[in-house]
Amino acid sequence: MWMSDRPRTQQALANSLADLVSVLPSPSVIPFLRAFWQTMQREWTNIDVLRMEKFLLLVRRYLGATFKILKEGGWEESLVKSHVELLQEVPCNVTDVRVPNGMRFHVIDIYVDELERAGLFEEEGKEEILERVLEPLRALQKGSPTKPVRVKAKEALEDERLPGNEKVEGEAPEEDDGWGGFKD
């Protein structure tokens, strides 16, 4: 069953693997997640194009599991701190050249989605926690030596779903700075 390339089977496997995080004893969670992220970092460039979707889903599920653990822990400050530090250590590391930019891009792409799924945006009085959880993206935006990573992180931080980024009705859309063709 687990060797199948069928999408539903692969989704079930990714879900099952990420669910392991919630059954681990608390002291084992960070080392387990660190091992996952380090493995992804090491193997990312070796994943063939036909298997990439499976690993993209697996990364999504593990990031979601991280935020789920934080929610179940009541977004307790020391718990948030240790998980944020881990995210900054591996997938959102600003300067480590061993972290493939493709992995960084994917984590940036799904970061706000998974925070929304965890329900952090709906919780009252969690603005300070949200700021703390967004630190890995802010660090990438400010400090990445790679411009596309900085731009991608900036776009994620400007997501309309984040509190304070709501689009004002009647607001003009951003100008496209690309070439718009010849004027008649």
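Residues numbered from 1 in each chain as written. Predicted model: local features only at pLDDT ≥ 70, side-chain atom pairs only at ≥ 80, totals over all residues. Heavy atoms only, no water.

Peer 1: Give a description of unusual backbone geometry that names residues and reports values.
Peer 2: The phi torsion at tryptophan 75 lies on the positive side, around 55 degrees, for a residue other than glycine. The residue tryptophan 75 is located in the loop between α3 (52–72) and α4 (77–89) in this model. Since its relative accessible area comes to 2%, tryptophan 75 is described here as buried. (Helix = DSSP H or I, 4+ residues; strand = E, 2+ residues; numbered from the N terminus. Buried < 20%, exposed > 50% of the residue type's maximum accessible area, 1.4 Å probe, protein only.)

Peer 1: Any details on the nonpolar core? Residues and values, ideally.
Peer 2: In a soluble, globular protein the nonpolar side chains are often hidden away together inside. Trp37, Phe67, Tyr111, Leu115 and Val133 are the most contacted members of the largest nonpolar core, which totals 50 residues. When residues of this core are traced back to their parent elements, those giving at least two are α1 (7–23), α2 (26–43), α3, α4, α5 (101–118), α6 (127–133), α7 (135–143) and α8 (147–157). In terms of residue count, the dominant contributor to this core is α3 (9 residues). If near-sequence neighbours (up to four positions away) are discounted, tyrosine 111 is found in contact with Leu63, Phe67, Leu87, Cys92, Val133, Leu134, Pro136 and Leu137. (Core = buried A, V, L, I, M, F, W, Y, C linked by side-chain atoms within 4.5 Å. Contact = heavy atoms within 4.5 Å.)

Peer 1: How would you summarise the packing of aromatic side chains if you had to cite specific residues and measurements?
Peer 2: Applying the stated criterion across every chain, the model contains 4 aromatic pairs. Summarising the aromatic geometry, the rings of phenylalanine 36 and tyrosine 62 are spaced 3.8 Å apart at their centres and angled 10 degrees between planes, so their arrangement reads as stacked. With phenylalanine 36 in helix α2 and tyrosine 62 in helix α3, this residue pair connects regions lying 26 residues apart in the sequence. The buried category is assigned to phenylalanine 36, whose relative accessible area is 9%. What links up through ring pairs into an aromatic cluster is the set Phe32, Phe36, Trp37 and Tyr62. (Phe/Tyr/Trp six-rings, centres within 6.5 Å; stacked < 30°, edge-to-face > 60°.)

Peer 1: So, α1: which residues are in play, and what are the values?
Peer 2: For α1, with 17 residues, the first-to-last C-alpha span of 25 Å sits near the 24 Å given by 1.5 Å per residue. Those residues of α1 not exposed but buried are Thr9, Gln10, Ala14, Ala18 and Val21. Within α1, the buried residues cover an arc of 165 degrees as seen down the axis, which keeps them to one side. Opposite its buried face, α1 presents the exposed residues Arg8 and Val23, each directed more than 90 degrees away. Packed against the buried residues of α1 are α2 and α3. (Expected span 1.5 Å × (residues − 1). Arc of directions from axis to C-beta.)

Peer 1: Tell me about the packing of α7 against α8, and name the residues and values.
Peer 2: It is at 7 Å that the axes of α7 and α8 come closest, and there the two elements cross at 140 degrees. In this view, α7 runs oblique relative to α8, as classed from their interaxial angle. Both α7 and α8 take part in a crossing whose hand is left-handed. Of α8, the residues touching α7 (which contributes Leu137, Arg138, Leu140, Gln141 and Lys142) are Val149, Arg150, Ala153, Lys154, Ala156 and Leu157. Across the contact of α7 with α8, the residue classes tally to 6 nonpolar, 1 polar and 4 charged. (Axes fitted to C-alpha atoms, helices over the stretch in contact; angles between N-to-C directions. Parallel < 35°, antiparallel > 145°, perpendicular 65-115°, else oblique. Left-handed = near helix turned anticlockwise from the far one by under 90°. Nonpolar A, V, L, I, M, F, W, Y, C, P; charged D, E, K, R; others polar.)

Peer 1: Explain the pattern of salt bridges to me, using residue names and the numbers behind them.
Peer 2: What the rule picks out here adds up to 14 salt bridges. One salt bridge in this structure joins aspartate 113 and arginine 60, with 3.5 Å as the shortest N-O distance. Taken together, the residues aspartate 113 in helix α5 and arginine 60 in helix α3 connect sequence positions 53 residues apart. Salt-bridge contacts for arginine 161 lead to aspartate 113; the nearest nitrogen and oxygen are separated by 2.8 Å. Taken together, the positions of arginine 161 in the segment after α8 and aspartate 113 in helix α5 put the pair 48 residues apart, joining distant regions of the chain. On the accessibility criterion, aspartate 113 (23% relative accessible area) is partly exposed. What you see here is one network of salt bridges that share partners, running through Arg60, Asp113, Glu114, Glu116, Arg117, Asp159 and Arg161. (Salt bridge = Lys/Arg side-chain N within 4 Å of Asp/Glu carboxyl O.)

Peer 1: With reference to specific residues and values, describe α8.
Peer 2: Of the residues making up α8, those classed as buried are Val149, Ala153, Ala156 and Leu157. All buried residues of α8 project into a common sector of 95 degrees when viewed along the axis, lining one side. As for α8, its buried residues are in contact with α5 and α7.

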